[in-house]
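Notes for the structure review
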Amino acid sequence: MRRKYVPDLSRQMAQCEANYARMMKLLPDLDVCDHREFQVYWKAHQVVVRLEVEERFAYTSTVLVKQLHESGSSWLTTPTLVVRLYHDATMAEVICQKSRRQLSGVYGYPNRDMHHPDEKAQLNGYLGEWLNHCLNHGHHNEPVFV
């Protein structure tokens, strides 16, 4: 019999704290910079990772993380992650994908939308990998100030 997925909260919090630190290194001027693009080369392909500030509040900010491929496919779209930055808790969490409603922490499986039981944890890990890749291998263009 298959066991029900139980999220590892300490691991999830550590991932969100690490993602916040990475995001702050990539957007140190978050208060005045509306977006920043990083050119990343991945297996002979060029990918542009765009961090776009959507909302700014006293204790939170919302950033869209988009991937733009040089040879974009019409049948395969890259995810746009909506990331909430909690400045008082120094955490960054994927709250949803642009095309979906807010993610739940745990999904039953199988489910109507075909989410994995740990979908949110996987997306936070995916965000961390891309932010790390931008920090280690990305080249950014000049930020745009408004």
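Residues numbered from 1 in each chain as written. Predicted model: local features only at pLDDT ≥ 70, side-chain atom pairs only at ≥ 80, totals over all residues. Heavy atoms only, no water.

This part is about empty space enclosed by the protein. A water-sized probe rolled over the atoms picks out the places where empty space is left. This model, assessed by the stated rule, comprises one cavity of 30 Å³ or more. What lines the largest cavity is Val 65, Gln 67, Pro 79, Leu 81, Tyr 126, Leu 127 and Trp 130. Of all the secondary-structure elements, those providing two or more residues to the lining of the largest cavity are β3 (60-69) and α2 (119-137). At three residues, the largest contribution of residues to the lining of the largest cavity is made by α2. (1 Å grid on protein atoms, 1.4 Å probe; cavity = no way out; pocket = protein on both sides within 12 Å on 5 of 7 lines; lining within 4 Å. Points joined across faces, edges and corners; volume = space filled by probe spheres on them. Helix = DSSP H or I, 4+ residues; strand = E, 2+ residues; numbered from the N terminus.)

All chains considered together, the criterion is met by six salt bridges. As a salt-bridge pair, Lys 120 and Glu 93 come within 3.0 Å of each other at their nearest N and O atoms. Placement of Lys 120 in helix α2 and of Glu 93 in strand β5 (residues 91-97) is noted, with a sequence separation of 27 residues between them. No difference in accessibility class separates Lys 120 from Glu 93, as the two residues are buried. When salt bridges that share partners are traced, they join Glu 37, Arg 50, Glu 52 and Lys 66 into one network. (Salt bridge = Lys/Arg side-chain N within 4 Å of Asp/Glu carboxyl O. Buried < 20%, exposed > 50% of the residue type's maximum accessible area, 1.4 Å probe, protein only.)

Along β3, seven of the ten residues are buried, which leaves the element largely enclosed by surrounding structure. Bridge analysis of strand β2 (residues 45-56) against β3 gives nine bridges, and the strand direction is antiparallel. When the sheet's bridge partners are listed, Arg 56 is paired in β3 with Ser 61. Between β2 and β3, which follow one another and run antiparallel, lie three residues. Here β3 runs beside strand β4 (residues 81-86); their pairing, made up of six bridges, is antiparallel. Note that in β4 the partner of Thr 62 across the bridge is Arg 84. (Pairing = 2+ DSSP bridges.)

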